[in-house]
Structure formats: C-alpha cells, structure tokens
Amino acid sequence: MRRLMVGIAVVALGACSGETAEEARTATPVGTDAAAGAAPAVDSAETAPAGNPDAALALDGEGLRAVILASGSTRLIEFGRPEAEVMTQLETVRGRAADERGTNAECGAGPLQYASWDDGLTAWFQDGAFVGWALNGEGGGASTMGGLGVGTTRAELDGGLTVVEVEETSLGQEFDAGGVFGVLDGAGETARVTSLWGGTSCNFR
C-alpha cells in the first residue's frame, strides 16, 4: 500500500523545522478551539513554487497535516483556524492557488464556503473558520499518516488501520477510521476507497 510522506516548505511553516513528529503534535492545541495559540507564520502562496516539491498534505481527523519532507516533522492545520490563514497555508503547501472558490448553500450543516483543487481535494469553511475537508480524487497522492487514501482496499483497512465502524448507508459502504470517514465501492476485501472526508462534510444522504 502506498504510504505518503508529507511535508511543508521550510519558510512556510518554519516554526516546526526543528521538531520531531511527536513534538509537533503537542506544540499547538488541536481540535475546533483555535483560541489557544497562534498559528505558525507562512509565506504568501503567491511566492510558493508551482507544485511545491518540498511539501504535501496528509489527511487527519482533526484537520490537515503538513510535514517538512526532508525531516518528516509535522504541523497540524487544525479545524477552527481562520479561513484566510488556512488558505495561505494550504496554497503554500500545495504550491498553487485553489482552482475554484465558492459557496454551497445546500449542505446539511448550513451554507459552507469551499476551496477546491482539480485533483479532488476540497477544504470547507463556515463562519470564517476551517471546518472540514473532502477528497474525491487522487489529491496529489494525499493520504493519512497511516496510509489511508483513495484507492486503499478493504483488506488494507482491516489489516493496518483502526476502523471504528463499517456500515451500509445511503452513501454505500461507509466507514470511520479514527475520525477520517470514507466510502468503499463494495463489501469485499478487494473493494476500494472512493472518497474520504474529515470534520464537517457536505454529503447528501
């Protein structure tokens, strides 16, 4: 199973350049309460190289995680952070601006603003804060730190990841893997993950 090593440009999240993965996880409070602690400073996304070769994103149940590729140290971009701040971070890490920005007024959680990239990654915002993400394509090869991504098989889920629940819903074979949710295209061991999301979603059931 493909396992993603993820990271971020040294200047973009320079505050974590000397951290280990464990130090980075405890350096900033995580979750939806963003009041405690300021986010690390980032460069303008306009100055980031196209297709940033030093950076990528990992999927996380509490947001999106960035790591310096060379060192493997991580920094969580947690839910609850201000939209403008998060967009600067995401566009810096991804090395390019979002391909589309807009509002979906028909989500179950109420109107959500979104930023999406053509490779299938979407960031969701509400009331000016980062509240969720969705992956409905390759997303530049994005996966969780444990290797869960689009294309992961049911056998790999059962063999290497903690799946809290798998059940048949109106979306199909839906699962929860530690706060990262997704859908499989079938019930057998060879069934593959077709979509993933974390936080507030805009799924139509």
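Described below are features of the structure shown in this document. All values derive from a computational prediction rather than experimental measurement.

## Overview of the overall build of the protein chain
- Tallying secondary structure elements over the protein chain gives 3 helices and 11 strands in all.
- When the helices and strands of the protein chain are placed in sequence order, the string is α-β-β-β-α-β-β-β-β-α-β-β-β-β.
- For the protein chain, with 205 residues in total, the buried portion stands at 50%.
- Long-range pairs, those at least 24 residues apart, make up 57% of the contacts in the protein chain between residues at least 6 apart in sequence.
- Counting every atom, the protein chain has about 9100 Å² of accessible surface; 49% of that belongs to carbon and sulfur.

## A few points about the packing of aromatic side chains
- Following the criterion strictly, the structure yields 4 aromatic pairs and no others.
- Taking 6.3 Å as the distance between ring centres and 20° as the angle between the ring planes, the aromatic pair formed by Phe-181 and Trp-197 counts as stacked. You can see Phe-181 sitting in strand E10 (residues 180-184) and its partner Trp-197 sitting in strand E11 (residues 193-199), a full 16 residues away along the chain.
- Here the aromatic cluster, defined as three or more aromatic residues joined through ring pairs, consists of Phe-79, Phe-125 and Phe-130.
- The residue whose ring lies beneath Arg-94 is Trp-117, and the NZ or CZ to ring-centre distance is 5.3 Å.

## Description of the environment of Ala-66
- Of note, Ala-66 is situated in strand E2 (residues 63-67).
- Look at Ala-66 and you get buried, because its relative accessible area is 0%.
- Separated by 24 residues in sequence, Ala-66 and Leu-90 place their C-alpha atoms 8.9 Å apart.

## Some points on the sheet that holds strand E9 (residues 172-177)
- The strand order across the open sheet formed by 8 strands is E4-E5-E6-E7-E11-E10-E9-E8, and the pairing between neighbours is antiparallel. Either end of the sheet is taken by a strand with one partner, and the two such strands are strand E4 (100-104) and strand E8 (165-169). Neighbour-to-neighbour, the strand axes of the sheet open up by a mean angle of 20°, direction not taken into account.
- One ladder, built from 4 bridges, connects strand E7 (residues 129-135) with E11; its direction is antiparallel. Within E11, the residue paired with Leu-135 across the bridge is Leu-196.
- Taken strand by strand, helix H2 (residues 83-94) contacts E4, strand E5 (112-116), strand E6 (121-126) and E7, and its axis lies near 170° from that of E6.

Reading guide: rules and limits
- Residues numbered from 1 in each chain as written.
- Predicted model: local features only at pLDDT ≥ 70, side-chain atom pairs only at ≥ 80, totals over all residues.
- Heavy atoms only, no water.
- Helix = DSSP H or I, 4+ residues; strand = E, 2+ residues; numbered from the N terminus.
- Buried < 20%, exposed > 50% of the residue type's maximum accessible area, 1.4 Å probe, protein only.
- Contact = heavy atoms within 4.5 Å.
- Areas by Shrake-Rupley, 256 points an atom, 1.4 Å probe, with all protein chains shown as cover.
- Phe/Tyr/Trp six-rings, centres within 6.5 Å; stacked < 30°, edge-to-face > 60°.
- Lys NZ or Arg CZ within 6 Å of the ring centre and 35° of its normal.
- Pairing = 2+ DSSP bridges.
- Axes fitted to C-alpha atoms, helices over the stretch in contact; angles between N-to-C directions.

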